[in-house]
Amino acid sequence: MSFLDSETNHLLLSKIATSSRHGENSHYFDGWKAYDSDPYHPTENPNGVIQMGLAENQLCFELIKEWIVENPEASICTSEGVNEFRDVAIFQDYHGFSRFRNAIAKFMGRVRGDRVMFDPDRIVMSGGATGANETIMFCLADPGDAFLIPSPYYPGFDRDLGWRTGVQLIPVSCDSSNDFKITRDCLEAALKHAQKSNINVKGLIMANPSNPLGTVMDRDTLEDTVAFVSERRIHLVCDEIYAATTFSSPAFLSVAEVVESSDRLKCNRDLIHIVCSLSKDMGLPGFRVGVIYSYNDAVVNTARRMSSFGLVSTQTQHMLAAMLSDDRFVHRFLVEVPKRLANRHQLFTEGIAKLGISCLKSNAGLFVWMDLKHLLEEPTLKGELSLWRLIIDDVKINVSPGSSFHCSEPGWFRVCFVNMDEETMEVALRRIEAFVSREREKENVVEKKRSWRRNLRLSLKSPRYEEIVLSQLMSSPNSPACRSPLVKAGT
């Protein structure tokens, strides 16, 4: 394989092809590369890198496997289901199977406690949440336009939302003083700053539950955000792909519930759009099932036409339509997932708490937002990346540095804990414990040296020390003080 130099590439390839906006040089993806080059395996590579940078739900595969075994007719690749092969294999338009859209709409409602209903005719399919987010950007913005986005935020959004669309992302900086909550003041400040820079802001996109924080938005914040976009006449895109991962109170609240209760709230429905997926909720990222749900008819129609470039395969639609239409299975799944997530979350957070490591309080997602500020050599980006590199190279764990999530405070790290079995997590905890112990030993040595130097300086400054030194000088026959005329005059 021949590789062209950078200058030749820019001459032969498109601007998109040569753009750096894909983000693959981010430290977030660098950690993945470290894992790919040396992956941990309990027997074949026990000293390899443990992947804790991938938000993947592997806790309930046996529930899905059990359903597949009990329902072989759901697959066209079995003797029980092969008679459906022709109808599934022939051409389908981009609307998708109606039974699939009906099942997805019903599942979305179940995930939200049946507090809100979804119209199957507003369901638009896409190749995963990545494709759904990009499609919604193509529908709502032109190259050069911008979307506000609360930070810290998922690093892949830089690629998904901006690489091919040319849309700018403007971080709305949130900090730990209020647990990184979005406020109306910070939204207004970001919008005002963008407008002063002559940037055309078309909307606001946010993830709820949050990636990387693992928190859910409360009603007041959601209502205030909906009011903000309605007053400013900009779009709101809510990425709700972690909706079913909420494992403790407060309960997840969808923006759809706010929209449906808009009688007491100023809300322009045409500006509200939701992105969903089965990648996180059901642990099926390989199936590439993404969904756009919009209250805007023009967006629904346009997104549906665009979906031709990233459809969900009919074979996948066929099987999932049957699975998600099974009320008994869905009920069991939605009850069991939060229990297992809560248990794993507790095991991990209690494990690191014993080591003096804390996390932002969270109740959703497949990760924790871990605070390692006390381990930084210096409270800077350089200090954070130095610690991150140490964790990857020496501890052999891939965690994601907060700076890759555009976090303004050094020392935060996202750590995923359900993309592995419990035994691997225990190995990771032992490695973290050993690392923290080594760091404490080094700090103790440094502190002892500092203490010794402080004591030395204090002793050198003490009056008693000066008295002893002067006495020794005076008593020594070779002392310059004894030969001094002043001393002789005094005797």
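Residue numbering note: each chain is counted from 1, following its sequence as written. Reporting of local features is limited, given that this is a predicted model, to residues whose pLDDT is at least 70; pairs of side-chain atoms are given and counted only at 80 or more, and all residues count toward the totals for whole chains, interfaces and linings. Side-chain calculation: all heavy atoms of the structure are included, whereas hydrogens and water are not.

### Examining the nonpolar core
Nonpolar side chains in soluble globular proteins tend to end up buried together. For the record, the criterion: Here, nonpolar core refers to any group of buried Ala, Val, Leu, Ile, Met, Phe, Trp, Tyr and Cys residues whose side-chain atoms link them within 4.5 Å. The rule is simple: take the accessible area with a 1.4 Å probe, protein chains only, and divide by the maximum for that residue type; under 20% is buried, over 50% is exposed, in between is partly exposed. Whether two residues touch is decided by their heavy atoms; if any such pair falls within 4.5 Å, the residues are in contact.
Counting 145 residues, the largest nonpolar core has M282 and F348 as its most contacted members. Residues within four places of F348 in sequence aside, it is in contact with M52, V368, V415, F417, M425, L429 and I432.

### Thoughts on the pattern of salt bridges
Counted only if it meets this: The rule for a salt bridge is simple: a side-chain nitrogen of Lys or Arg has to be within 4 Å of a carboxyl oxygen of Asp or Glu. Only runs of H or I of at least four residues qualify as helices and only runs of E of at least two qualify as strands under DSSP, and these elements are numbered from the N terminus.
Enumeration over the complete set of coordinates arrives at 23 salt bridges. With a closest N to O distance of 2.4 Å, R184 and E231 form a salt bridge. Placement of R184 in helix α9 (residues 184–196) and of E231 in helix α10 (residues 219–232) is noted, with a sequence separation of 47 residues between them. Taken together, the shared-partner salt bridges in this structure form one network comprising R184, E188, D224, E231 and R232.

### Observations regarding the side chain of T316
Put simply, the rule is: Identification of polar contacts relies on pairs of N or O atoms within 3.5 Å, with a donor-acceptor requirement for protein atoms, meaning one able to donate a hydrogen and the other able to accept it, and with residues adjacent in sequence counted only if both atoms are side-chain atoms.
The residue T316 is located in helix α13 (residues 314–324) in this model. A polar contact is formed between the side chain of T316 and the side chain of S313, at a distance of 2.7 Å. Each residue touching T316, except ones within four places of it in the same chain, is listed here: F287 and V289.

### Comments concerning the pairing of strand β4 (residues 168–173)
Definition in use: In this analysis, strands are considered paired if DSSP registers two or more bridges between them. The definition of a right-handed crossover adopted here requires that, viewed with the strands pointing away, the path from the first strand over the helix to the second runs clockwise.
When strand β3 (residues 146–151) meets β4, the two strands line up parallel, connected through six bridges. Across the sheet, the residue bridging to F147 is L169, located in β4. Taken together, β3, helix α8 (residues 156–162) and β4 constitute a β-α-β crossover, and its handedness is right-handed.

### Description of the sheet that holds strand β9 (residues 358–359)
Either a parallel or an antiparallel arrangement is found when strands of a sheet pair, and the pairing is made through backbone hydrogen bonds. For clarity, the threshold we go by: Note on definitions: angles span 0 to 180 degrees between N-to-C directions of axes, and those axes are lines fitted to C-alpha atoms, for helices only across the stretch in contact.
Reading across from one edge, β9-β10-β13-β12 is the order of the four strands in this open sheet, with antiparallel pairing throughout. Edge positions in the sheet fall to β9 and β12 (400–401), since each of these pairs with one other strand and no more. Note that β9 and strand β10 (residues 367–371) share two bridges and pair antiparallel. Across the sheet, residue C359 finds its bridge partner in β10, namely M370. The sheet strands contacting helix α14 (residues 327–353) are β9, β10 and β13 (412–416), and the helix crosses β10 at an angle near 10°. Packed onto the sheet, helix α15 (residues 381–395) meets β12 and β13 and runs at close to 30° relative to β13.

### Focus: the packing of aromatic side chains
Selection criterion: Aromatic rings from Phe, Tyr and Trp, with only the six-membered ring used for Trp, were paired whenever their centres fell within 6.5 Å, and each pair was classed as stacked if the ring planes differed by under 30 degrees, edge-to-face if by over 60, and tilted otherwise.
This model, assessed by the stated rule, comprises 17 aromatic pairs. Between Y28 and W32, the aromatic rings sit 5.7 Å apart at their centres with planes inclined by 45°, giving tilted as the arrangement. Within this pair, Y28 and its partner W32 are both found in helix α3 (residues 27–37), separated by four residues, close to a single helical turn. Judged by relative accessible area, which is 4%, Y28 ranks as buried.

### Here we look at the sheet that holds strand β7 (residues 272–277)
Read across the sheet, seven strands follow the order β2-β8-β7-β6-β5-β3-β4 without closing on themselves; strand pairing throughout is mixed. For this open sheet the edge positions go to β2 (123–127) and β4, each flanked by a neighbour on one side alone. Neighbour to neighbour, the strand axes of the sheet diverge by 25° on average, direction disregarded. The sheet contact formed by strand β6 (residues 235–239) and β7 spans four bridges and is parallel. Note on β7: the bridge partner recorded for C238 is I274.

### Details of a negative patch on the surface
This is how it is decided: Note on patches: the residues involved have over 30% relative accessible area and no salt bridge, like charges join within 9 Å, and the nonpolar side chains Val, Leu, Ile, Met, Phe, Trp and Tyr join within 5 Å. Calculation of accessible area relied on Shrake-Rupley with a 1.4 Å probe; when residues are assessed, cover is drawn exclusively from the protein chains displayed. Two residue types count as positive, namely Lys and Arg, and two as negative, namely Asp and Glu; His and chain ends fall outside the count. Every charge is mapped to an atom, namely NZ of Lys, CZ of Arg, CG of Asp or CD of Glu.
Taken together, the side chains of D421, E422, E423 and E426 present a region of like negative charge at the surface. Mapping E423 onto the fold places it in helix α16 (residues 422–461). The exposure class assigned to E423 is exposed, which follows from its relative accessible area of 56%.

### Considering empty space enclosed by the protein
Going by this rule: Residues are said to line a cavity or pocket when one of their atoms sits within 4 Å of a point; the points come from a 1 Å grid over protein atoms alone, cavities being sets where a 1.4 Å probe fits but cannot get out and pockets being open sets with protein on both sides within 12 Å along at least five of seven lines. Grid points are joined across faces, edges and corners, and a volume is the space filled by probe spheres set on the points. Under the scheme applied, nonpolar residues are Ala, Val, Leu, Ile, Met, Phe, Trp, Tyr, Cys and Pro; charged residues are Asp, Glu, Lys and Arg; polar residues are all the others, including Gly.
Counted by the stated rule, this structure contains two cavities of 30 Å³ or more. A volume near 100 Å³ is recorded for the largest cavity. Contributing to the lining of the largest cavity are 13 residues, with M370, L372, I391, I432 and F435 lying nearest its centre. Listed by contribution, the elements that provide at least two residues to the lining of the largest cavity are α15 and α16. Looking at which element gives the most residues to the lining of the largest cavity, the answer is α16, with three residues. Considered class by class, the residues forming the lining of the largest cavity number 13 nonpolar, no polar and no charged. Quantified by volume, the second largest cavity comes out at close to 80 Å³. Along its surface, the second largest cavity is lined by I104, F107, M108, V111, R112, E240, A243, C276, S277, L278, D281 and V291. Those elements that provide at least two residues to the lining of the second largest cavity are α6 (98–111) and β7. Here the lining of the second largest cavity gets four residues from one element, more than from any other, and that element is α6. The residue makeup of the lining of the second largest cavity, split by class, is eight nonpolar, one polar and three charged.

### Side note on helix α4 (residues 61–70)
An α-helix turns once every 3.6 residues. As a result, residues three or four positions apart point the same way. Our working rule: The directions from the helix axis to the C-beta atoms are what the arc is built from.
Along α4, the residues that are buried comprise L63, I64 and W67. Relative to the axis of α4, the buried residues are bounded by an arc of 95° and lie together on one face. Exposed side of α4, more than 90 degrees from the buried face: K65 and V69 are the residues found there. On its buried side, α4 packs onto α13 and α14.

### Details of the side chain of N211
Relative to the elements of secondary structure, N211 occurs in the loop between β5 (201–207) and α10. Within polar-contact distance, the side chain of N211 engages the side chain of R414 at 2.9 Å. Not counting residues within four places of it along the chain, the set of residues in contact with N211 comprises P152, Y153, Y154, Y242, F367, F405 and R414.

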